[in-house]
Amino acid sequence: MSCLISIVPINIDECKCENDILMKQYNAHKQNTKLHKKSERSKYKLAILVPFRDRFDELLTFAIHMQEFLDKQNINYHIFILNQFDRYRFNRASLINVGFLETSKDFHYIAMHDVDLLPLNDELLYIYPSKGPYHISSPDLHPRYHYSTFVGGILLIKREHYMQVNGMSNKYWGWGLEDDEFYVRLKEAGLSITRPQNISTGTHNTFKHIHDRNHRKRDMMKCYNQREVTRKRDRETGLI
């Protein structure tokens, strides 16, 4: 069963949930869902880390969809909602780093997972990536991003490899670019990124992208030299 938690990556303010009805609906769904027996599940435990802020309608859709999708694969997983509720700009990488530090003792691998990207094709497997990082939302399948070095959206990586690259850079505030720097970390460490092969669907029907750009505008402003250093290795920040 999915486990929803709240983690503060930066500074703590009050957490105000404005969508009690949606959360009640989700809790009702959890109560009515049949649990798989532990013996039927994978021996590897997956922590799905979902950076989040003020998107409860998308979260409700995500949580229900992912539970139904993953239960068919007998994945031994928990979903962790990394909720940034301070007044600073959104920092996706910092949230993922905090989520990893909170879960690394108990979970064998993580999924860095956008809340607005839903897998539709059952051929997309969330199994343990023993050989190296596994990029589920491949550029050949993602509905929007198709450049070869793209590793955003949904990326599986085992605990040892995430520690090897010292996690993600904490320097990227606002939307985007942090995953491009993470690609540089993976390549520098000599880690081979694999992606789904021979998938029967394409860019228009492998995932459902539920982000409404008119309703929720992205924070695209770049500060200082964020763009200049995008694909340069940050050696100052990360897990430690």
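Residues numbered from 1 in each chain as written. Predicted model: local features only at pLDDT ≥ 70, side-chain atom pairs only at ≥ 80, totals over all residues. Heavy atoms only, no water.

K.L.:
Would you mind showing me how to read unusual backbone geometry here?
P.N.:
Excluding glycine, most residues fall at negative phi; most peptide bonds, likewise, are trans. Residue Asp-54 is not a glycine yet carries a positive backbone phi of 55°. Within the element layout of this structure, Asp-54 appears in the loop between β1 (45-52) and α2 (56-71). The backbone of Asn-198 sits at a positive phi, close to 55°, despite the residue not being glycine. Tracing the backbone through its elements, the reader meets Asn-198 in the loop between α5 (178-188) and β7 (207-209). (Helix = DSSP H or I, 4+ residues; strand = E, 2+ residues; numbered from the N terminus.)

K.L.:
Quick question: what am I supposed to make of the sheet that holds strand β3 (residues 109-113) here?
P.N.:
Paired through backbone hydrogen bonds, the strands of a sheet run either parallel or antiparallel to each other. The five strands lie next to each other as β2-β1-β3-β6-β5, forming an open sheet whose pairing is mixed. The open sheet has two edge strands, β2 (76-83) and β5 (134-135), and neither has a second partner. The pairing of β5 with strand β6 (residues 154-158) spans two bridges and is classified as antiparallel. When the sheet's bridge partners are listed, Tyr-134 is paired in β6 with Leu-156. Packing of helix α3 (residues 92-103) onto the sheet brings it into contact with β1, β2 and β3, and relative to β1 it is tilted by some 150°. (Pairing = 2+ DSSP bridges. Contact = heavy atoms within 4.5 Å. Axes fitted to C-alpha atoms, helices over the stretch in contact; angles between N-to-C directions.)

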